[in-house]
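# Coordinate inspection notes
Spelled out, the chains give:
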Amino acid sequence: MDNILKITLLGTGTPVPLIDRMGCSVLIQAANQNILIDCGRGTAQRINQTNTPLKEVFTILLTHLHYDHAGTLNDFPNARFHLQETEMQFATGPWMLEDAERFAYSADHVAELIHCLFAKRVRFHQQDGEVAPGITVHRMSGHTMGMQSVRVRTRRGWVLLASDASHYYEHWVKRIPFSICWSQEALLSSYIQFEKLAESEDHVIPGHDPLVRHLYLPSLGEAGDELVRLDQEPKQSLRDLFS
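Along each chain, the written sequence defines residue order, and numbers are assigned to residues from 1. It should be noted that, the model being predicted, local features are given only for residues of pLDDT at least 70 and side-chain atom pairs only at 80 or more, the latter also being counted only at that level, while totals for whole chains, interfaces and linings use all residues. Remark: hydrogens and water are excluded; side-chain values derive from all non-hydrogen atoms of the structure.

## Here we look at the packing of aromatic side chains
For Phe, Tyr and Trp, rings pair up if their centres lie within 6.5 Å, where Trp contributes its six-membered ring, and each pair is then called stacked (planes under 30 degrees apart), edge-to-face (over 60) or tilted (otherwise). Applying the stated criterion to the full structure yields five aromatic pairs. Centre to centre, the rings of Phe90 and Trp182 are 6.3 Å apart; their planes meet at 70°, and the pair counts as edge-to-face. Placement of the pair is Phe90 in helix H2 (residues 85-92) and Trp182 in the loop between helix H5 (169-173) and helix H6 (184-197), with a sequence separation of 92 residues. Here's how the labels work: a residue is buried when its accessible area is under 20% of the maximum for its type, exposed when over 50%, partly exposed in between, all with a 1.4 Å probe on protein chains only. The exposure class assigned to Phe90 is buried, which follows from its relative accessible area of 0%. With a relative accessible area of 29%, Trp182 lands in the partly exposed category. Seen from their ring centres, Trp172 and Phe194 are 5.7 Å apart, and the 65° between their planes marks the pair as edge-to-face. Of this pair, Trp172 sits in helix H5 while Phe194 is found in helix H6, placing the two residues 22 residues apart along the sequence. Runs of E in the DSSP output that reach at least two residues are strands. Runs of H or I that reach at least four are helices, and both are numbered from the N terminus.

Pasting the structure below:
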């Protein structure tokens, strides 16, 4: 899997359903393999638009277990799920007694993952780990205790799919912690970490920013501007936008 053929953003949606923005997910296609990052609301619909059978998605990297990122596990019966061990501890531990931490999780979704665990379809990572050649996961705690981002080697260099380690570009660029935050100190440290992992600031992709849809070229014209190619160069530099 040395040559990443395509990275397609499938959605930047928020927990509140929006008609033109599906749930957060990214599809990596390389060496006849389909690797999915997160599976929020509408992910299966978006994947079908790419003519990729759901049964041929064998690897899903869960950046964290909030319901807008891990809400459709059952749509992928052949997938193995990768996540940080600390995220499972967080979602099943005493932190869920706190309203501020629990409200973004769904007990049903967490229970689905536990069923997958008992079926030996879960792989845990501790801090950094390689999923496949050219694809690595990195713990970026802050938003949640077990938040992870994904680093992918592409033709244009190393792309860092930050997910909710930075919801929007401005959260990272301006050092503004998002309101849902387990640890502000850890989150600010994560900003520094993924700056080191990405080839440049133009290689960092936030989790929910609709601006991404306007910076990158569409993948499928009939799907609108939400499906865009992240392995290609952006149409405009991030530095020009925030100078």
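## A short note on the environment of Trp182
Taking the C-alpha atoms as reference points, Trp182 and Arg123, separated by 59 residues in sequence, lie 23 Å from one another. Contacts of Trp182, omitting those with residues within four sequence positions, involve Phe90, Trp95, Glu101, Ser141, Gly142, His143, Thr144 and Met145. Contacts: residue pairs with any heavy atoms within 4.5 Å of one another.

## Some points on the sheet that holds strand S7 (residues 129-132)
Strand pairing within a sheet occurs via backbone hydrogen bonds; the two strands may be parallel or antiparallel. Here a strand pair is declared whenever DSSP counts at least two bridges between the two strands. An order of S7-S8-S9-S10-S11 is seen for the five strands of this open sheet, with the pairing classed as mixed. Two strands lie at the open edges of the sheet, namely S7 and strand S11 (204-206), each paired on one side alone. With direction set aside, neighbouring strand axes in the sheet form an average angle of 25°. In terms of strand pairing, strand S9 (residues 148-154) meets strand S10 (residues 157-163) through five bridges, oriented antiparallel. Its bridge partner lying in S10, Val152 is registered against Val159. Orientation is described by axes fitted as lines to C-alpha atoms, over the contacting stretch for helices, and by angles from 0 to 180 degrees between their N-to-C directions.

## What about the side chain of His64?
Relative to the helices and strands, His64 is located in the loop between strand S4 (57-61) and strand S5 (80-84). By the criterion applied in these results, polar contacts are pairs of N or O atoms within 3.5 Å in which, for protein atoms, one can donate a hydrogen and the other can accept it, and in which residues neighboring in sequence qualify only through two side-chain atoms. Separated by 3.5 Å, the side chains of His64 and His66 make a polar contact. Polar side-chain contacts of His64 include one of 3.2 Å to the side chain of Asp164. Excluding its chain neighbours within four sequence positions, the residues that come into contact with His64 are Asp38, His69, Ala70, Glu87, His143, Thr144, Met147, Ser163 and Asp164.

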